[in-house]
Amino acid sequence: MKRLDHLAMIVHDVGRICRFLGFVSLVPFVVLVIFQEWDLLLPMASAPFAFLALGYLLTRVPVRDFEPPVSITLVAVAVAWFLIAFIGALPFVFGMGMSYTDSVFEAMSGWTSTGFTMIQSLDQAPMTLLFWRTFMQWIGGIGIIVFGISMRRKTQVTLFQIFRSEGKPEDLMPNLRSTGWKMWKIYIFLTGLFTGLVMLAGIPLWDALNLVMVAIATGGFTLHSAGLAYYNNPLLEALLIPVMLAGAIPFKLYFLMYRGKMDAMFRDKTIRLLLLIALVGSAIVSLELYIFNGLSPLTALREGVFVSVSGLCTCGLQNADIHVWAAIPLAVISLLIFIGGAMGSMAGGIKINRLALAYEGVKWWFRRFFVSSRVIVPFRHEGRMLSREISEMEISKNMLVIALYVFTIFTATILCLHLYITTFRLDEVLFECISALSNSGITVGFITATSPVAIKWIFIVLMWLGRLEIVPVIIMVMGIVKGVRDELFTEPPVQAAPSYVRDYDEPA
């Protein structure tokens with residue numbers, strides 16, 4: 001009975017998410033009307049109709065109102081993220097005739113704000129579908145607010161669990177209910193502000209709006225097959241750098257600035273570390289492009305800075321064909337993508353916060369080696385003194401997530417090399433897997449529409465795992481395995497015989 005209650009709660013929560021996204025996915029119809037692409041009316045209607053119909057059916061499932069375990073909440077979020085990709089794929093299937101695998105790939109790349117694409121000719125694609133791609137990334141980038149609002153009936157404890165399931169900190173949790181719409185207002189305001197900024201580069205409003213929406217969401221979809229090279233505009237690339245950085249900054253800082261605490265941005269250690277890594281990474285990559293690729297100093301600086309910042313912010317925008325880069329600058333970009341932005345931002349990767357905690361944890365462990373076991377070595381993190389038990393638990397969980405990322409990347413790389421005989425080098429395949437798991441989308445060209453179906457599904461799973469930071473998916477799989485094992489191998493309890501029944505050898 002308890003297992004059925006948990007299953008009903010998962011189904012009901014997924015239904016609420018689908019119902020919410022059903023209304024949200026009506027926004028692209030504004031673009032459809034503006035460009036008068038009436039032939040896309042039914043294809044575009046397939047997504048909101050499927051969301052609303054499924055949401056209605058799933059929310060009809062009777063459910064007892066109780067506080068669910070952490071695992072149930074995480075499973076609901078994991079299932080929802082996978083399901084919305086299957087539904088978000090429908091406009092591509094009916095509107096462009098793409099295969100369902102390619103459409104799911106495109107939708108997963110969109111919702112997870114990754115940036116890989118299966119559309120071979122973007123310049124001939126309908127405007128409405130191009131905006132649907134952009135809109136998915138824009139919504140997916142701040143997806144936690146979507147889920148927080150869509151499951152309003154949840155208590156603060158459950159909302160905290162949902163927040164943590166996507167690698168977000170709890171800083172905003174005390175105010176999430178009351179300030180959810182304020183956060184949307186901030187997000188919309190930033191999008192409008194940066195759109196006006198990017199238009200200073202001479203870019204039309206339509207192009208500027210789409211580029212800013214994907215950049216601030218740390219996505220990577222563009223309107224043209226040539227990507228940013230279509231514009232060949234150094235000023236545009238320079239103006240997009242602060243937009244990408246804005247997407248990699250913790251959202252709590254914008255909220256604090258909204259409340260009048262304008263100095264919060266400059267006092268935050270995470271921001272300083274983010275900017276330091278971006279500066280050092282840009283300098284190293286630019287120098288290596290000049291030395292190993294023979295680029296002119298100006299070209300090396302232009303490509304090195306933009307791709308480095310884009311990589312650290314896990315944004316898929318790129319102004320260079322990195323397939324022709326030497327292995328050394330490519331390795332540095334891989335490291336930047338693996339690190340990613342800050343917790344609580346729209347960026348992916350293991351997050352700068354985890355990198356800082358790992359450094360502090362290793363330093364703390366080594367300090368304890370050189371003192372007596374009776375000496376208590378304090379552990380400080382973010383200005384707080386933590387007990388030994390809490391410190392070891394937090395550091396262990398932090399290192400576990402990093403280890404899971406590394407293990408997943410190498411496993412995916414080995415699978416890709418076994419399933420696909422390719423001319424791409426090992427470091428390039430490894431780079432592509434890191435980019436997928438970190439929800440970056442910067443590509444060397446390994447994953448394309450011509451890739452085998454098995455490779456595409458590996459990357460679909462990688463993008464899904466990266467958006468959830470792996471742990472919720474592991475919990476879901478363990479729950480399924482445990483349920484199957486219990487059903488197959490657990491014998492029903494033996495009931496005791498009634499008192500009047502005697503065994504044949506029992507004395508009278």
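Residues numbered from 1 in each chain as written. Predicted model: local features only at pLDDT ≥ 70, side-chain atom pairs only at ≥ 80, totals over all residues. Heavy atoms only, no water.

Novice: Quick question: what am I supposed to make of the overall build of the protein chain here?
Specialist: Counting secondary structure elements, the protein chain contains 22 helices and 2 strands. Here the protein chain holds 508 residues, and 55% of them are scored as buried. Put simply, of all contacts in the protein chain between residues at least 6 apart along the chain, 72% involve residues at least 24 apart. For the protein chain, the exposed area adds up to about 23300 Å²; of that, 69% sits on carbon and sulfur atoms. (Helix = DSSP H or I, 4+ residues; strand = E, 2+ residues; numbered from the N terminus. Buried < 20%, exposed > 50% of the residue type's maximum accessible area, 1.4 Å probe, protein only. Contact = heavy atoms within 4.5 Å. Areas by Shrake-Rupley, 256 points an atom, 1.4 Å probe, with all protein chains shown as cover.)

Novice: It is not clear to me how the environment of M199 should be interpreted in this structure. Could you clarify?
Specialist: Along the chain, the position of M199 falls in the loop between α10 (176-198) and α11 (205-216). For M199, a relative accessible area of 35% corresponds to the partly exposed category. When the C-alpha positions of M199 and L239 are compared, they lie 9.3 Å apart, and in sequence the two are 40 residues distant. If we skip the residues at most four places from it in the chain, M199 touches L205 and A208.

Novice: Sorry if this is basic, but what is going on with the packing of helix α6 (residues 100-111) against helix α21 (residues 453-468) here?
Specialist: What describes two packed helices is the angle between their axes and the distance between those same axes. Running from N to C, α6 and α21 point in directions that differ by 20°, and their axes come no closer than 10 Å. Compared by their axis directions, α6 and α21 come out roughly parallel. Judged by the twist between their axes, the crossing of α6 over α21 is left-handed. For the pair α6 and α21, the contacting residues are T101, D102, V104, F105, M108, S109 and W111 in the first and V453, K456, W457, F459, I460, M463, W464 and R467 in the second. Looking at the contact of α6 with α21 residue by residue, the class counts come to 10 nonpolar, 2 polar and 3 charged. (Axes fitted to C-alpha atoms, helices over the stretch in contact; angles between N-to-C directions. Parallel < 35°, antiparallel > 145°, perpendicular 65-115°, else oblique. Left-handed = near helix turned anticlockwise from the far one by under 90°. Nonpolar A, V, L, I, M, F, W, Y, C, P; charged D, E, K, R; others polar.)

Novice: Help me understand helix α20 (residues 426-437) in this model?
Specialist: With 12 residues, α20 should reach 16 Å at 1.5 Å per residue; the first-to-last C-alpha distance of 17 Å fits that figure. Within α20, 9 of the 12 residues are buried, leaving the element largely enclosed by the surrounding structure. Regarding α20, the residues found buried are E428, V429, F431, E432, C433, I434, S435, A436 and L437. Of the residues trailing α20, N439 is marked for its positive phi of about 55°. (Expected span 1.5 Å × (residues − 1).)

Novice: Looking at this model, I keep getting lost on the packing of aromatic side chains. Mind explaining?
Specialist: The description of an aromatic ring pair uses the distance of the two centres, along with the angle that the planes make with each other. By the definition in use, this model includes 21 aromatic pairs. Aromatic pair W138 and W184: ring centres 5.9 Å apart, planes at 50°, arrangement tilted. Of this pair, W138 sits in helix α7 (residues 127-141) while W184 sits in helix α10, and the two are 46 residues apart along the sequence. Exposure class is identical for W138 and W184. Each is buried. Joined through ring pairs, the aromatic side chains of F35, F131, F135, W138, W184, Y187, W206, F251 and Y254 make up one cluster. (Phe/Tyr/Trp six-rings, centres within 6.5 Å; stacked < 30°, edge-to-face > 60°.)

Novice: In this structure, what is going on with unusual backbone geometry? I would like to understand it.
Specialist: Across residues other than glycine, the phi torsion is negative in most instances, and most of the peptide bonds are trans. Even without being a glycine, K351 presents a positive backbone phi close to 85°. Considering the arrangement of structural elements, one finds K351 in the loop between α17 (327-339) and α18 (352-369).

Novice: What am I meant to see in the side chain of S310 here?
Specialist: For S310, the position within the fold is in helix α16 (residues 297-312). A relative accessible area of 0% places S310 in the buried class. Within polar-contact distance, the side chain of S310 engages the backbone oxygen of L317 at 2.6 Å. (Polar contact = N/O pair within 3.5 Å; in protein donor to acceptor, adjacent residues only side chain to side chain.)

Novice: Mind showing me how you'd approach the confidence of the model for the protein chain here?
Specialist: Note: predicted coordinates in regions of low pLDDT should not be interpreted at a detailed level. Across the protein chain, pLDDT averages 85, with 83% of residues at or above 70. Scored below 50 in pLDDT, residues 167-176 shows 32 contacts in the model against residues more than four places distant or in partner chains. In this model residues 499-508 is a low-confidence stretch, pLDDT under 50, and it forms 1 contact with partners more than four residues away in sequence or in other chains. (pLDDT = per-residue confidence, 0-100.)

Novice: Explain the side chain of S282 to me, please; I cannot follow it from the model alone.
Specialist: With respect to the element layout, S282 can be found in helix α15 (residues 269-292). Judged by relative accessible area, S282 falls into the buried class, the value being 7%. Apart from residues no more than four positions distant in its own chain, S282 is found in contact with G304, V305, S308 and V309.

Novice: Help me understand a positive patch on the surface in this model?
Specialist: Taken together, K182, K185, R259 and K261 make up a surface patch of like positive charges. Turning to its location among the elements, K261 is positioned in the loop between α13 (251-258) and α14 (264-267). (Patch = residues over 30% accessible without salt bridge, like charges linked within 9 Å, V, L, I, M, F, W, Y side chains within 5 Å. Salt bridge = Lys/Arg side-chain N within 4 Å of Asp/Glu carboxyl O. Lys, Arg positive; Asp, Glu negative; His and termini not counted. Charge placed at Lys NZ, Arg CZ, Asp CG, Glu CD.)

Novice: Looking at this structure, I do not really get a nonpolar patch on the surface. What am I missing?
Specialist: Side chains of L287, Y290, I291, F292 and I328 sit close together on the surface and give an oily, nonpolar patch of about 500 Å² of accessible area. Per element, the largest residue contribution to the nonpolar patch is 4 residues, and it comes from α15. Tracing the sequence through the fold places I291 in helix α15.

Novice: Looking at this structure, I do not really get the packing of α7 against α11. What am I missing?
Specialist: Packing of α7 against α11 brings their axes to within 7 Å, and their N-to-C directions diverge by 30°. If you check the angle between α7 and α11, you find them roughly parallel. Note on packing geometry: the crossing formed by α7 with α11 is left-handed. The residues of α11 that touch α7, namely those facing M127, L130, F131, T134, F135, Q137 and W138, are W206, N210, M213, V214 and I216. Taken together, the residues that form the contact of α7 with α11 break down as 9 nonpolar, 3 polar and no charged.

Novice: Help me understand α16, please; the structure alone is not making it clear to me.
Specialist: Note that an α-helix has 3.6 residues per turn; residues three or four places apart therefore point the same way. A rise of 1.5 Å per residue sets the reference length of α16, with its 16 residues, at 22 Å; its end C-alpha atoms lie 22 Å apart and thus fit the reference within 8%. Those residues of α16 that fall on the buried side of the exposure criterion are A300, E303, G304, F306, V307, S308, V309, S310, G311 and L312. For α16, the elements touching its buried residues are α12 (234-247), α15 and α17. Residue T314 follows α16 closely and has a positive phi angle near 50°.

Novice: Please clarify how the state of the cysteines should be interpreted in this entry.
Specialist: Under the definition given, this model contains 0 disulfides. Residue C313 stays outside any disulfide, its sulfur separated by 7.3 Å from that of C315, the closest cysteine. The thiol of C433 is not disulfide-bonded; the next cysteine sulfur, from C416, is found 4.2 Å away. (Disulfide = S-S within 2.5 Å.)

Novice: Is there a simple way to think about the pattern of salt bridges in this case?
Specialist: Between side chains of opposite charge, a pair can form as their charged atoms come close. Enumeration according to the criterion identifies 8 salt bridges in this entry. Where R302 meets E237, a salt bridge forms, and the shortest distance between an N and an O atom there is 2.8 Å. A residue pair is termed long-range when its members are at least 10 positions apart, and R302 in helix α16 and E237 in helix α12 qualify at 65 residues. On the basis of relative accessibility, which here comes to 30%, the residue R302 falls in the partly exposed class. For E237, a relative accessible area of 5% gives the class buried. Notably, a salt bridge pairs E469 with R354, separated by 2.8 Å at the nearest N-O pair. Of the two residues, E469 sits in the loop between α21 and α22 (471-489) while R354 sits in helix α18, which places them 115 residues apart along the sequence. Neither E469 nor R354 differs from the other in exposure class; each is buried. Three or more residues joined by partner-sharing salt bridges are found here, namely K351, R354 and E469.

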